[in-house]
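Spelled out from the first residue to the last, the chains are:
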2 protein chains.
Amino acid sequence: MDSSVSSPAATAARTDTLRIDGARLWRSLMDLARIGATPKGGVCRIALTDEDRAGRDQVADWCRAAGLEVRVDEVGNMFARRAGTDPQARAVATGSHIDTQPSGGKFDGNFGVLAGLEVMRTLNDHGIATRAPLEVAVWTNEEGTRFTPVMMGSGAFAGVFMPDFVHAQVDGAGLSVGDELRRIGYLGAQPCGEVPGGGYAAYFEAHIEQGPVLEDAGLPIGVVSGALGQRWFDATVTGMDAHAGPTPMALRRDAMLGAARMVEAVNRIALDEAPHGRGTVGSLQVVPNSRNVIPGKVTFSVDLRNLTDEGLDRMEAALRKRFAQIADETRVEVELRQVVQFDACHFDAACVASVRSAAEQLGLPHMDVVSGAGHDAVYVAQVAPTGMIFVPCKDGISHNEIEDALPEHIEAGANVLLLAMLERAG
Amino acid sequence: MDSSVSSPAATAARTDTLRIDGARLWRSLMDLARIGATPKGGVCRIALTDEDRAGRDQVADWCRAAGLEVRVDEVGNMFARRAGTDPQARAVATGSHIDTQPSGGKFDGNFGVLAGLEVMRTLNDHGIATRAPLEVAVWTNEEGTRFTPVMMGSGAFAGVFMPDFVHAQVDGAGLSVGDELRRIGYLGAQPCGEVPGGGYAAYFEAHIEQGPVLEDAGLPIGVVSGALGQRWFDATVTGMDAHAGPTPMALRRDAMLGAARMVEAVNRIALDEAPHGRGTVGSLQVVPNSRNVIPGKVTFSVDLRNLTDEGLDRMEAALRKRFAQIADETRVEVELRQVVQFDACHFDAACVASVRSAAEQLGLPHMDVVSGAGHDAVYVAQVAPTGMIFVPCKDGISHNEIEDALPEHIEAGANVLLLAMLERAG
């Protein structure tokens, strides 16, 4: 290493014009997308399958070729480290995941991992050393498609899930995470949550937005200030099965009518918390589901999200109150059971500021946004100062084989990541 | 036959106090319910199965034992005739069906057939001859569970379905009505729709109400003035799948929200046509039906019923208008396809009056009601003056193994049938 280029003054001067190689990043994204490629142009690379192994092997090979040191922890999280000049400095990290939904796309997760790799390659190209070590993390099983819970690796890293619990989780075929990690060769030795030299000084994750806000606003960069809190419920509405013909309207106990009003109420409750409130009934089942029988039972899911836990408290209280009123009105019974809770997440102010100033330094139009979805960064934020960078995706579509993004947005997001990491790594 | 008891004056005098044997009728109902009995106390005697054959054989045996002449027509309808004294008189008929739903009850259909048989037995007991012949009809495949269309035998009798069409209908296993009729020995020779001596002078059908109106009113007898017209539709609502988290409320095209408002609209449209309007969404499917995905597609059924075809026209027009408005409001598309139409049915005024005066003569509290469901009588009404008698069923429940009725209501309904038939048969 040429010691002259590692002086802080020289580095600072050079980073003003330092840019990642957008074409190389795009090529790597397309190369990685070949592993598990689907006929419709998407990717099926489900956690801990042979495709996941092949994807991990490819990323690890690229990391080693870039001079990075690859470690694997006991839940399969991979970390690729670029050494810093200060042995005391804690690492500045980035990362995401490379597992996909069954009909997933090329960018979800993969962009964050390969943008991190591209940052390393760019620094190598220019012979730039950083004071703090840099690290790219590849978190295990973010999607939660095959094994629950979702965001398993980053959750374990944050201490939310114990490694034994993680290893014991089984898929639909009864195969366990522990056995599958061993089978694919990614059951590592490093204790989960340990970082050489101490915890991360900062963690940045670049990700496609998976929503329509940036595209709708015509902006390439979203400065993510946090993630919405989430509360999920299962609702069961019980009325009375009866024949659609002989039963007058006044004598009905129609579970479908009750459920329909509750769907409307979920929507209303979210609108009352604009712009960050979200309310969704995504799944609904009718019993007996026969054309000429008044439904006796309807079950459905409720997904509430909001920027603050207080906001979620308001939504949940309104939900319980309205559902009880509607049950009375329609002469049905309703039972509400909470199944998931994620508290609202506020990213570290300094990390958010680093992302914003990087975008400004690059002259990239940007806006502050909140992540509506969960991300590995939400768990990492529990143990390290964290920020996220969003780039638009086409039509806001993700978890779909038609998921797409523009090369210029991908490049812009990776440049923001580069400058944000450099600012924190010195 | 003792000719003295057949004089009209003597008959008229004796019918004032003539009553059916309620205990015998109940016993026959329970005996027939053993064929295809289910563990939960219901009956599974699906059309043209071995159980249907056994049920038919039992009823035919009872009819022959009562001195009736049994005929079978080319679609398997059975007719059991008690001769009259006037060779020119056209028959007065009753009947119903003995096929059941897969988890059906003991009374639906069976009551009408066995009440007819009990009328014959009662007349035999008292040595009463009628001027006109009397007939009990057992219609093939009323339920439509195994073979569509429903009310197949009575529909064919009324000329709505041609015998060749009926024979060609197949079940889920590919077996045809024609082959199954032959297999169980009920493919008769009599041309469908032909009645010896000419068409029926009158047709009365006794049936459990299959709804809650009589029970709610505390009355044993419903004088049925007609049957609601029916129009059934399939609706498809198309929005856009999107992630529940990242997609703000304002940018959604939520097919579930659109569908929920349409369910509410169906209910509203029926209430606007009180008391006879009915609107039901009995079946609904969500795509992709995932907890955290805004539904891109919802399909559902709409069942509209009303007393008049003009009323149904109003309901259909309101449905189309409101669905289009809701689709606009919620930024979804809706497609509406009609799948079934039954015009409103008004029973013969004189037959309805005969039922009412029979109830009055018996001192039985009664009310005029309209059938919300289809019945064989609705088809027979197209070719003969027709009336129906309803008796309450427990909790208004039918098409269910817990279907139940009180012996005193069963007896009351059969007595009304007896007097109504006698009035018409002279």
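About the cut-offs
Residues numbered from 1 in each chain as written. Chains lettered and ligands numbered in written order. Predicted model: local features only at pLDDT ≥ 70, side-chain atom pairs only at ≥ 80, totals over all residues. Heavy atoms only, no water. Contact = heavy atoms within 4.5 Å. Buried area = accessible area lost by both parts, 1.4 Å probe. Salt bridge = Lys/Arg side-chain N within 4 Å of Asp/Glu carboxyl O. Polar contact = N/O pair within 3.5 Å; in protein donor to acceptor, adjacent residues only side chain to side chain. Helix = DSSP H or I, 4+ residues; strand = E, 2+ residues; numbered from the N terminus. Nonpolar A, V, L, I, M, F, W, Y, C, P; charged D, E, K, R; others polar. Buried < 20%, exposed > 50% of the residue type's maximum accessible area, 1.4 Å probe, protein only. Axes fitted to C-alpha atoms, helices over the stretch in contact; angles between N-to-C directions. Parallel < 35°, antiparallel > 145°, perpendicular 65-115°, else oblique. Left-handed = near helix turned anticlockwise from the far one by under 90°.

## What about the interface of chain A and chain B?
Thinking step 1. At the interface, 55 residues of chain A touch 55 residues of chain B.
Thinking step 2. When chain A packs against chain B, close to 4,500 Å² is buried across both sides, 60% of that on carbon and sulfur atoms.
Thinking step 3. Linking chain A with chain B are four salt bridges, by the criterion used here.
Thinking step 4. Its salt-bridge partner being A:Glu264, residue B:Arg261 comes within 2.7 Å of it at the nearest N-O pair.
Thinking step 5. Seen at the junction of chain A and chain B, the total is 20 residue pairs in polar contact (both at pLDDT 80 or more).
Thinking step 6. When contributions to the side of chain A that touches chain B are tallied by element, the ones reaching two or more residues are α8 (213-217), β7 (229-238), α9 (255-271), β9 (278-280), β10 (284-287), β11 (293-294) and β12 (297-306) of chain A.
Thinking step 7. The element that contributes the greatest number of residues to the side of chain A that touches chain B is α9(A), accounting for nine residues.
Thinking step 8. Here the side of chain A that touches chain B is built from residues that sort into 26 nonpolar, 19 polar and 10 charged.

## Points about the pattern of salt bridges
Thinking step 1. Within the structure shown, the criterion is met by 56 salt bridges over all chains.
Thinking step 2. A salt bridge links A:Arg24 to A:Asp125, with the nearest nitrogen and oxygen atoms 2.8 Å apart. Separated by 101 residues along the polypeptide, A:Arg24 in helix α2 (residues 22-32) and A:Asp125 in helix α4 (residues 110-125) bring together distant segments of the chain.
Thinking step 3. A relative accessible area of 49% means that A:Asp125 is categorised as partly exposed.
Thinking step 4. Where B:Asp50 meets B:Arg183, a salt bridge forms, and the shortest distance between an N and an O atom there is 2.8 Å. Here B:Arg183 lies in helix α7 (residues 177-183) and B:Asp50 lies in helix α3 (residues 50-65), a separation of 133 residues in the sequence.
Thinking step 5. A relative accessible area of 41% means that B:Asp50 is categorised as partly exposed.
Thinking step 6. Taking the relative accessible area as the measure of exposure, B:Arg183 reaches 38% and is therefore partly exposed.

## Some details on the packing of helix α2 (residues 22-32) of chain B against α3(B)
Residues and elements named next belong to chain B.
Thinking step 1. The geometry of α2 relative to α3 is characterised by a closest axis approach of 11 Å and an angle of 150° between their N-to-C directions. The orientation of α2 with respect to α3, classified from their angle, is roughly antiparallel. Of the residues in α3, those in contact with Ser28, Asp31 and Leu32 of α2 are Gly55, Gln58, Val59 and Trp62.

## What to know about the packing of helix α3 (residues 50-65) of chain A against α4(A)
Residues and elements named next belong to chain A.
Thinking step 1. Contact geometry for α3 and α4: axes closest at 10 Å, N-to-C directions at 15°. When the axis of α3 is compared with that of α4, the two are roughly parallel. Read as a crossing pair, α3 and α4 show a hand that is left-handed. When α3 is examined against α4, the residues Val59, Trp62 and Cys63 are found in contact with a partner set consisting of Val113, Leu114, Leu117 and Arg121.
Thinking step 2. Class assignment for the residues of the contact of α3 with α4 results in six nonpolar, no polar and one charged.

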